[in-house]
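Close look at the chain arrangement
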Amino acid sequence: MAIHIKDSDDLKTRLTEAGEKLVVIDFMATWCGPCKVIGPKLEEIANEMADSLVVLKVDVDECEDIATEYNINSMPTFVFVKSSKKLDEFSGANADKLRNTILKLK
């Protein structure tokens, strides 16, 4: 299940709690069409791989500071983090690329 991030302290806590699990941070917006398309696919992946994956959703309008910190320019952008280190990122609602990147990094 994807976890909706409230603020930067919440994000830091969730990243710490994830430990060795791969974290996917989904930078999205409620008004973003491609975000609405990829959202259910990401939720499906999150449920499928719940034992080894943490999915965090960051609404760029609610958490502008986090979006700025990660230099987010388009939505959706997926940032992949493990042990609090950024491993990869890409933008766009490409479900196959999302799944393949997760499988490669976890």
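Residues numbered from 1 in each chain as written. Predicted model: local features only at pLDDT ≥ 70, side-chain atom pairs only at ≥ 80, totals over all residues. Heavy atoms only, no water.

**Comments concerning the packing of aromatic side chains**
Centre distance and the angle of the planes are the two values used to describe a pair of aromatic rings. Scanning the model with the defined rule gives three aromatic pairs in all. Measuring from ring centre to ring centre gives 5.4 Å for F27 and Y70, while their planes differ by 45°; the resulting arrangement is tilted. Of the two residues, F27 sits in strand 2 (residues 22–28) while Y70 sits in the loop between helix 3 (64–69) and strand 4 (77–82), which places them 43 residues apart along the sequence. The burial state of F27 is the same as that of Y70; both residues are buried. Here the aromatic residues F78, F80 and F90 are joined through ring pairs into a cluster of three or more. (Phe/Tyr/Trp six-rings, centres within 6.5 Å; stacked < 30°, edge-to-face > 60°. Helix = DSSP H or I, 4+ residues; strand = E, 2+ residues; numbered from the N terminus. Buried < 20%, exposed > 50% of the residue type's maximum accessible area, 1.4 Å probe, protein only.)

**With respect to the pattern of salt bridges**
Enumeration according to the criterion identifies six salt bridges in this entry. R99 is the salt-bridge partner of E48, the closest N and O atoms lying 2.7 Å from each other. With a gap of 51 residues between them, E48 in helix 2 (residues 33–48) and R99 in helix 4 (residues 95–105) connect regions that are remote in the sequence. Where E89 meets K86, a salt bridge forms, and the shortest distance between an N and an O atom there is 2.4 Å. Residue classification places K86 among the partly exposed residues on the basis of a relative accessible area of 49%. Each of K6, D10 and R14 takes part in one network of salt bridges that share partners. (Salt bridge = Lys/Arg side-chain N within 4 Å of Asp/Glu carboxyl O.)

**Concerning the UniProt feature "site: Deprotonates C-terminal active site Cys" (unreviewed entry) in the protein**
If you check UniProt for "site: Deprotonates C-terminal active site Cys" (unreviewed entry), the listed places come out as D26 in our numbering. Mapped onto the secondary structure, D26 falls in strand 2. Relative accessible area serves as the criterion here: at 2%, D26 is assigned to the buried category. Those residues in contact with D26, other than ones at most four positions away along the chain, are L42, L56, K57, V58, P76, T77 and F78. (UniProt positions renumbered as here; feature names shortened; annotations may be inferred. Contact = heavy atoms within 4.5 Å.)

**A look at helix 2**
Here helix 2 contains 16 residues, and its C-alpha end-to-end distance of 24 Å stays within 8% of the 22 Å for a straight helix at 1.5 Å per residue. Of all the positions in helix 2, only C35, I38, G39, L42, I45 and A46 are classed as buried. Along its buried surface, helix 2 packs onto strand 2, strand 3 (53–59), strand 4 and helix 4. (Expected span 1.5 Å × (residues − 1).)

**Considering the environment of L87**
Its place among the elements puts L87 in strand 5 (residues 85–91). Given a relative accessible area of 41%, L87 falls into the partly exposed group. Distance from L87 to K12, taken between C-alpha atoms, is 16 Å for residues 75 residues apart in sequence. For L87, the residues in contact, after removing those within four places along its chain, are L22, F80, K82 and L105.

**Some remarks on the state of the cysteines**
This structure, assessed with the given rule, holds one disulfide. In this model C63 remains outside any disulfide bridge; the closest cysteine sulfur is found in C35, 14 Å from its own. (Disulfide = S-S within 2.5 Å.)

**Comments concerning the sheet that holds strand 3**
Strand order in the open sheet made by the five strands is 1-3-2-4-5, with mixed pairing throughout. At either margin of the open sheet sits one strand with a lone partner, and together these are strand 1 (3–4) and strand 5. Here strand 1 runs beside strand 3; their pairing, made up of two bridges, is parallel. Each residue of the ladder has a partner; that of H4, found in strand 3, is K57. On the sheet, helix 2 packs against strand 2, strand 3 and strand 4 and is oriented at approximately 155° with respect to strand 3. (Pairing = 2+ DSSP bridges. Axes fitted to C-alpha atoms, helices over the stretch in contact; angles between N-to-C directions.)

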